[in-house]
Amino acid sequence: MTTATAVAHPNIALVKYWGKADASLALPATGSVSMGLDVFPTTTTVTVDDGVAGREAWDTFTLNGHLVEDGALVRVEQFLDLVRSLAGSSARAHVVSENTVPTGAGLASSASGFAALATAAAAAYGLDLSQRDLSRLARRGSGSATRSIPGGVAVWHAGDDHGSYAEPIPAPPMAMVVVTIDAGPKPIGSREAMRRTIATSPFYPSWVTSTTETVGDMLAACAAGDFTRIGELTESNALRMHATIEGAFPPIRYLTARSVAVFDAVAELRAAGVEAYATADAGPNVVVLTQPADRAAVASALAGLGDVIESGTGPGARLVRSEGPGTPDPGVAPATQESTE
Ligand code: 2P0
């Protein structure tokens with residue numbers, strides 16, 4: 001038996017990923033840029049059981065103390081199949097995951113979930129992958145997980161299977177305030193909503209063209225340390241994504257009146273001289289980008305509009321424990337950024 005435990009955090013895109021160029025390889029239609037959070041870690045342990053192998057055997061997946069038996073188990077098993085094919089193993093695994101995102105906080109758990117799973121599973125199956133290769137692997141579990149491997153401020157490149165990975169980029173100090181205004185379930189999951197947007201939104205081709213341009217602008221703004229430009233690009237790109245999604249048929253609208261109220265409050269903060277910029281993912285909750293010195297003031301200004309949680313810029317996924325033959329030493333994780341290929 002070999003076992004490995006990894007920790008990963010969620011990330012929030014400053015330039016969004018919305019749409020795949022190739023669903024089977026999980027290749028995005030455009031690049032994207034994100035900030036990793038330092039709150040809500042997911043801790044995942046993968047134990048490879050050599051005594052349980054072959055087609056007739058099953059993996060198990062326990063999430064927050066409950067055995068999972070629905071579609072989430074299928075997604076985990078498919079991901080482990082990929083790891084097994086890379087490792088040349090048919091041994092089944094037990095996956096035990098603790099996800100600390102409060103229920104309904106509006107943050108996707110698939111980013112931290114698949115980043116932690118990729119890191120732990122690779123180690124447990126004896127694969128010693130670079131950070132770059134781990135991000136490629138995490139991509140196959142969930143697109144946004146690609147960016148949770150490096151953490152910090154990261155770019156996820158569009159490209160082919162080899163070229164589509166995430167890596168850290170230099171950026172000025174930043175913070176976020178998560179404003180949860182609705183803890184209910186989303187009307188439609190992002191994977192299906194992406195498919196419908198591509199198939200039916202007349203705005204989608206423009207989204208791809210403009211977002212490709214915005215990634216370049218964002219990288220330049222980050223390199224220049226220009227927080228104002230980073231914030232302006234972030235808010236603009238989020239609204240462009242929502243406009244593109246709203247153009248689908250039947251339409252999909254994630255932002256509610258209460259979401260828009262947070263965007264309004266953020267605009268008022270800016271008018272009062274506080275640099276803050278709003279973004280939102282595939283749901284009604286809003287995340288506000290600001291600078292570390294302003295985060296407490298932003299959180300207190302927005303407290304009446306929802307539950308607020310502050311976050312700094314978080315670390316990348318890391319291996320915290322590994323035991324058994326062939327597992328990497330957690331002392332050297334996270335792996336280097338260089339490709340092993
Ligand atoms: C993002 N989102 O860039 C965008 C913005 C949601 C809105 O990545 O199908 O759960 O697993 O690749 O990663 C959510 O999409 O989708 C997402 P899959 P994922 O963060």
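Residues numbered from 1 in each chain as written. Predicted model: local features only at pLDDT ≥ 70, side-chain atom pairs only at ≥ 80, totals over all residues. Heavy atoms only, no water.

1. A short note on the sheet that holds strand 13 (residues 276–279)
The condition that has to hold: Here the rule is simple: two strands pair whenever DSSP picks up at least two bridges between them. Comment: elements are numbered from the N terminus, with helices defined as DSSP H or I runs of at least four residues and strands as E runs of at least two. Fitted lines through C-alpha atoms serve as axes, helices being fitted only where they are in contact, and the angles separating the N-to-C directions of these axes extend from 0 to 180 degrees. Throughout, a contact is declared for two residues whenever any of their heavy atoms are within 4.5 Å.
In spatial order, the strands read 13-14-12-15; together these four strands make up an open sheet with antiparallel pairing. Single-partner strands in this sheet number two, and they are strand 13 and strand 15 (307–311). Neighbour to neighbour, the strand axes of the sheet diverge by 25° on average, direction disregarded. Where strand 12 (residues 175–180) meets strand 14 (residues 286–290), five bridges bridge the pair, whose relative direction is antiparallel. Directly across from Met176, in strand 14, lies its bridge partner Leu289. In the packing of helix 7 (residues 227–246) onto the sheet, contacts are made with strand 13 and strand 14, and the angle to strand 13 comes to roughly 25°. The strands that helix 8 (residues 257–271) touches are strand 12, strand 13 and strand 14; relative to strand 13, the one it contacts most, it runs at about 165°.

2. Let's talk about the domain arrangement of the protein
It is common to report an interface's size as the accessible area lost on association of the parts. This is how it is decided: Where a domain begins and ends is set by an automatic assignment or by a domain database. Note: buried area is the sum, over both parts, of the accessible area (probe 1.4 Å) each one loses when the two are combined. What counts as a salt bridge is simple: a side-chain nitrogen of Lys or Arg found within 4 Å of a carboxyl oxygen of Asp or Glu. The residue classification treats Ala, Val, Leu, Ile, Met, Phe, Trp, Tyr, Cys and Pro as nonpolar and Asp, Glu, Lys and Arg as charged. All others, Gly included, are polar.
According to the domain assignment, the protein contains domain 1 (2–170) and domain 2 (175–311). Between domain 1 and domain 2, the residue contacts involve 31 residues of the former and 41 residues of the latter. Here domain 1 and domain 2 share an interface that buries about 2700 Å² over both sides, 70% of which is from carbon and sulfur atoms. Inspection of the domain 1/domain 2 interface yields one salt bridge. The shortest N-O distance in the salt bridge between Asp281 and Lys16 comes to 2.6 Å. Of all the secondary structure elements, the ones that give two or more residues to the side of domain 1 that touches domain 2 are strand 2 (11–15), strand 5 (32–36) and strand 10 (153–156). Looking at the side of domain 1 that touches domain 2, the element that brings in the most residues is strand 2, giving four residues. Looking at side-chain class alone, the side of domain 1 that touches domain 2 contains 18 nonpolar, nine polar and four charged residues.

3. Regarding the sheet that holds strand 2
Reading across from one edge, 2-5-10-11 is the order of the four strands in this open sheet, with antiparallel pairing throughout. Two strands bound the open sheet, and with one partner strand each, they are strand 2 and strand 11 (166–168). Pairs of neighbouring strands in the sheet enclose a mean axial angle of 30°, with direction left out of account. Where strand 5 meets strand 10, four bridges bridge the pair, whose relative direction is antiparallel. If you follow Val33 over to strand 10, its bridge partner there is Val155.

4. As for the site of the ligand
We apply this condition: Throughout this document, a residue counts as near a molecule or strand when at least one of its heavy atoms sits within 4 Å of that molecule or strand. Whenever a nitrogen or oxygen atom comes within 3.5 Å of another N or O atom, the pair is scored as a polar contact, on the condition that within protein one atom can donate a hydrogen and the other can accept it, and that pairs from neighbouring residues in sequence are kept only if both atoms are in side chains. Only the protein chains shown count as cover for residues, with accessible areas throughout obtained via the Shrake-Rupley method and a probe of 1.4 Å.
Neighbouring residues of the ligand: 17 residues in total, closest Tyr17, Lys20, Ser142, Ser144 and Arg191. Ser142 is positioned such that a nitrogen or oxygen atom in its side chain is 2.7 Å from an oxygen atom of the ligand. Arg147 places a polar side-chain atom, nitrogen or oxygen, 2.8 Å from an oxygen atom of the ligand. Out of a free accessible area of 460 Å², the ligand has 94% covered by protein chains. The element that contributes the greatest number of residues to the shell around the ligand is helix 5 (residues 190–200), accounting for three residues.

5. Here we look at the packing of aromatic side chains
Test applied: Aromatic rings from Phe, Tyr and Trp, taking only the six-membered ring of Trp, are treated as a pair when their centres fall within 6.5 Å; an angle between ring planes under 30 degrees marks them as stacked, one over 60 as edge-to-face, and anything in between as tilted. Working definition: with a 1.4 Å probe on protein chains only, accessible area under 20% of the residue-type maximum means buried, over 50% means exposed, and in between means partly exposed.
Inspection of the entire model under this criterion finds three aromatic pairs. On the basis of an interplanar angle of 65° and a centroid distance of 4.8 Å, the ring pair of Tyr17 and Trp156 is categorised as edge-to-face. Residue Tyr17 is located in the loop between strand 2 and strand 3 (20–22), and its partner Trp156 is located in strand 10; the two are separated by 139 residues in the primary sequence. When its relative accessible area of 11% is taken as the criterion, Tyr17 is described as buried. A residue is classified by how much of its surface remains accessible, and Trp156, at 0% relative accessible area, is buried. Measuring from centroid to centroid gives 5.6 Å for Phe79 and Phe114, while their planes differ by 65°, and the two rings are edge-to-face. Residue Phe79 is located in helix 1 (residues 71–87), and its partner Phe114 is located in helix 2 (residues 110–124); the two are separated by 35 residues in the primary sequence.

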